[in-house]
Amino acid sequence: MKDELNVLIQLSSLAFHWIDLINNSSDLTCRLSTELTPSNRVERIIPWLYVKDTLFPFSVEHAEKYITANWDRNETQDAVNALIQQAKVDIKNNIEGIVPISEEETNKDKIIEAVVKNFRIQVKNDLKVAPVKNLQGLIWQEGYKSGSVKGHIYDDIPRAFSNWQNNGVKLYIYSSGSVHAQKLLYGSSESGDLLPYIAGHFDTKVGMKQETKSYENILNEIKCNGSDVVFFTDIPKEAYAAKAAGIRAILLDRPGNAPLSQEDRAVFKVIKTFDEVNIKLPE
Ligand SMILES: CSCCC(=O)C(=O)COP(=O)(O)O
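The structure displayed is predicted, hence computed values, not measured ones.

**Q** Mind showing me how you'd approach the packing of aromatic side chains here?
**A** For any two aromatic rings, the description comes down to two numbers: the centre-to-centre distance and the angle of the planes. One pass over the full model with this rule turns up 11 aromatic pairs. Ring centres of tyrosine 172 and phenylalanine 202 lie 6.0 Å apart, and the angle between their planes is 40 degrees; this geometry places the pair in the tilted category. Here tyrosine 172, found in strand β4 (residues 170-174), pairs with phenylalanine 202, found in strand β5 (residues 200-202); they are 30 residues apart in sequence, far enough to count as distant. In this pair, the class of tyrosine 172 matches that of phenylalanine 202, namely buried. An aromatic cluster is defined as three or more aromatic residues linked by ring pairs; in this entry it consists of Phe161, Trp164, Tyr186, Tyr197, Phe232 and Phe274. Directly above the aromatic system of tyrosine 174 lies the positively charged group of lysine 209, at a separation of 5.5 Å from the ring centroid.

What follows is the structure, encoded as C-alpha cells:
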C-alpha cells in the first residue's frame with residue numbers, strides 16, 4: 001500500500017496536500033472507548049465528534065453572551081450583518097424556523113435575539129456557510145482562551161505533520177470551519193502549536209467543499225497542478241469533487257465516520273490513519 005501511494009505521489013512534480021480538518025485532525029467529545037475493559041478504560045476523545053458534539057453546542061450556548069459583550073467591535077458588527085444577509089438566503093431555501101431580520105431594525109436586543117435564534121437553527125442544520133462559521137470562530141476563541149475547549153487531534157496527526165515537513169511536503173488545511181477557527185484549533189492543539197507545519201489555510205471563501213470549482217480555486221492559489229496534490233477527507237462527496245479537479249483523493253475511515261460504500265472503496269484508496277501513507281517529493 002505504502003509503495004503504491006509513494007509511486008503515485010512520485011509521479012507528480014510536487015507533493016502538496018491538505019487535510020480535511022474535521023475528520024482527520026480535530027477530535028470529539030468525551031466518549032469512552034468501548035473496546036477497553038473497565039479496569040484499563042481511558043477517556044478517548046474522537047476529534048470529529050468533539051467538533052460536532054462539543055464545539056458546535058459551545059458556540060450556540062455562548063452566542064448571545066458573546067454578541068452582547070462584544071457588540072461595539074467591528075468584527076462582531078460584520079458577523080451580525082453577514083448573519084442578517086444569511087437569514088434572507090435561508091428563508092429563500094425554506095429553512096424552517098429562520099426569522100427575517102430587517103436591515104432597518106435599530107433595537108440592539110431585538111437584533112441579537114433574532115440573530116441568536118437563527119444561529120441556533122443554522123448550527124443545528126450544520127449549515128457550512130461563512131457567516132455561521134465566522135461567528136463560531138469568534139466564540140470559540142473565548143473558549144480556547146479560558147480553556148473550556150481544546151484542539152483535539154488524532155494521535156497520528158503530529159507524527160504525520162512532522163514526517164511530511166521533513167520530506168519537504170507542503171501541507172494545507174481546507175475546512176468549512178473559518179481560517180480563524182482552524183488556526184485556533186491547530187495553534188492550541190493538545191500536542192502543542194502545530195501551525196508551523198501548515199503552509200496555508202482555506203475555508204469556504206474558496207467555495208463549498210463538495211464543489212469542484214473550490215478545488216480549482218485552491219490549485220490556482222497555491223499555483224499547483226492537480227497532479228501535484230493529494231487530498232485527504234472522510235467525506236466521499238468531497239473526494240469526488242477534488243478528483244474532478246484532477247486531484248488525487250484518499251479517504252480516511254476513522255472511528256465514528258459514516259460507513260463508506262463499496263463503490264467509494266473501489267474508486268478511492270482508503271486508510272485508517274496517516275501512519276499508512278508516506279508522502280514525499282519525487283526523487
Ligand atoms: C475549525 S474546527 C470546526 C470545523 C467546522 O466548523 C466544520 O464544520 C467542519 O467542517 P469540515 O469541512 O472541516 O469537515
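Right, picking up where we left off after that structure.
**Q** Any chance you could explain the pairing of strand β6 (residues 229-233) here in plain terms?
**A** Within a regular strand, the side chains alternate between the two sheet faces. The buried count for β6 comes to five of five residues, which makes it a mostly enclosed element. Of the two faces of β6, both are covered, the one formed by Val229, Phe231 and Thr233 as well as the one formed by Val230 and Phe232. A crossover links β6 with its parallel partner strand β7 (residues 248-252), the connecting element being helix α10 (residues 236-244), and its sense is right-handed.

**Q** What is the right way to look at the packing of helix α6 (residues 130-146) against helix α8 (residues 179-187) in this model?
**A** A pair of packed helices is characterised by two quantities: the angle between their axes and the separation of those axes. At a minimum axis distance of 9 Å, the contact between α6 and α8 shows a crossing angle of 20 degrees. Taken together, the axes of α6 and α8 are roughly parallel relative to one another. For α6 against α8, the interelement crossing comes out left-handed. Listed contacts from α8 to Gly137, Leu138, Trp140, Gln141 and Tyr144 of α6 are His180, Ala181, Leu184 and Leu185. Taken together, the residues that form the contact of α6 with α8 break down as six nonpolar, three polar and no charged.

**Q** Could you clarify how one ought to interpret empty space enclosed by the protein in this entry?
**A** Over the atoms a probe the size of a water molecule is rolled, and this reveals where empty space is left. Enumeration according to the criterion identifies one cavity of 30 Å³ or more in this entry. In this model, the largest cavity occupies a volume close to 40 Å³. Surrounding the largest cavity, Ala130, Lys133, Asn134, Ser176, Ser178, Asp203, Thr204 and Lys205 form its lining. Its residues placed into classes, the lining of the largest cavity shows one nonpolar, four polar and three charged.

**Q** I keep staring at the nonpolar core and nothing clicks. Help me out?
**A** Soluble globular proteins tend to bury their nonpolar side chains together. Counting 62 residues, the largest nonpolar core has Ile67, Phe232 and Phe274 as its most contacted members. Two domains each put at least three residues into this core: domain 1 (4-46 + 153-280) and domain 2 (49-146). Judged by nonpolar contacts, the second largest core, of 21 residues, contains Phe202, Leu219, Val229 and Val270.

**Q** Looking at this model, I keep getting lost on the domain arrangement of the protein chain. Mind explaining?
**A** Often the size quoted for an interface is simply the accessible area lost on bringing the parts together. When its domains are assigned, the protein chain resolves into domain 1 (4-46 + 153-280) and domain 2 (49-146). Counting residues at the interface gives 18 residues for domain 1 and 15 residues for domain 2. For the pairing of domain 1 and domain 2, the buried interface totals around 1400 Å² over both sides, and the portion due to carbon and sulfur atoms is 68%. For the pair domain 1 and domain 2, the number of links is zero salt bridges. Counting across the domain 1 and domain 2 interface gives three residue pairs in polar contact (both at pLDDT 80 or more). Per-element accounting of the side of domain 1 that touches domain 2 gives the leading share, four residues, to α8. Its residues assigned to classes, the side of domain 1 that touches domain 2 comprises eight nonpolar, eight polar and two charged.

**Q** Just to check I follow, could you spell out helix α4 (residues 74-92) for this structure?
**A** Owing to its 3.6 residues per turn, the α-helix brings residues three or four apart onto one side. Its 19 residues give α4 an end-to-end C-alpha distance of 28 Å, which sits within 8% of 27 Å, the value for a rise of 1.5 Å per residue. Taken together, the buried positions of α4 are Thr76, Ala79, Val80, Leu83, Ile84, Gln86, Ala87 and Asp90. Buried residues along α4 sit against α3 (47-69), α5 (108-124) and α6.

**Q** Just to check I follow, could you spell out the pairing of β4 for this structure?
**A** β4 sits mainly inside the fold: four of its five residues count as buried. Looking at chain direction, β4 and β5 are connected through three bridges and run parallel. Bridge pairing in β5 links tyrosine 172 to glycine 200. In the classification by handedness, the crossover that spans β4, the intervening α8 and the parallel β5 is right-handed.

**Q** Hey, could you run me through the environment of asparagine 81 in this one?
**A** Residue position: asparagine 81 is located in helix α4. A residue is classified by how much of its surface remains accessible, and asparagine 81, at 41% relative accessible area, is partly exposed. Sequence separation of asparagine 81 and proline 131 is 50 residues, and the distance between their C-alpha atoms is 8.7 Å.

Reading the values: the criteria
Here the residue numbering is sequential within each chain, running from 1 through the sequence in written order. Only residues with pLDDT of at least 70 are given local features in this predicted model, and only at 80 or more are side-chain atom pairs given and counted; all residues enter the totals for whole chains, interfaces and linings. Processing note: side-chain calculations cover all non-hydrogen atoms of the structure and skip hydrogens and water entirely. Stacked, edge-to-face and tilted labels apply to pairs of Phe, Tyr and Trp rings (six-membered ring for Trp) whose centres lie within 6.5 Å, assigned for plane angles under 30 degrees, over 60, and everything in between, in that order. Per the convention used, a helix needs a DSSP run of H or I reaching at least four residues, while a strand needs a run of E reaching at least two, with both numbered from the N terminus. Each residue is placed in one exposure class: buried if its accessible area under a 1.4 Å probe, protein chains only, is under 20% of its type's maximum, exposed if it is over 50%, and partly exposed if it falls in between. We count a charge as sitting over a ring when the NZ of a lysine or the CZ of an arginine lies within 6 Å of the ring centre and within 35 degrees of the ring normal. Throughout, right-handed denotes a crossover for which the path from the first strand over the helix to the second runs clockwise when the strands point away from the viewer. Angular values range over 0 to 180 degrees, each being the angle between N-to-C directions of two axes fitted as lines to C-alpha atoms, with helices fitted over their stretch in contact. Working definition: roughly parallel below 35 degrees, roughly antiparallel above 145 degrees, roughly perpendicular at 65 to 115 degrees, and oblique for all remaining angles. By the definition used in this description, the sense in which the near helix is turned from the far one sets the handedness, with an anticlockwise turn below a right angle giving left-handed and a clockwise turn giving right-handed. By definition, residues are in contact when any of their heavy atoms lie within 4.5 Å. Residue polarity follows a fixed list, in which Ala, Val, Leu, Ile, Met, Phe, Trp, Tyr, Cys and Pro are nonpolar, Asp, Glu, Lys and Arg are charged, and the others, Gly among them, are polar. A 1.4 Å probe that fits but cannot get out identifies a cavity on a 1 Å grid over protein atoms alone, an open set with protein on both sides within 12 Å along at least five of seven lines counts as a pocket, and a residue lines either if it has an atom within 4 Å of a point. Grid points are joined across faces, edges and corners, and a volume is the space filled by probe spheres set on the points. Remark: nonpolar core denotes a set of buried residues (Ala, Val, Leu, Ile, Met, Phe, Trp, Tyr, Cys) joined through side-chain atoms within 4.5 Å. Each domain's extent was defined by an automatic or database domain assignment. Buried area: the sum, over both parts, of the accessible surface (1.4 Å probe) that disappears when the two are put together. Any carboxyl oxygen of Asp or Glu within 4 Å of a side-chain nitrogen of Lys or Arg constitutes a salt bridge here. Side-chain atoms alone can form a polar contact between residues adjacent in sequence; in general such a contact is a pair of N or O atoms within 3.5 Å, and within protein one must be able to donate a hydrogen while the other accepts it. For a helix, the expected span equals 1.5 Å multiplied by the number of residues minus one. Here, a strand pair is defined by DSSP locating no fewer than two bridges between the strands.

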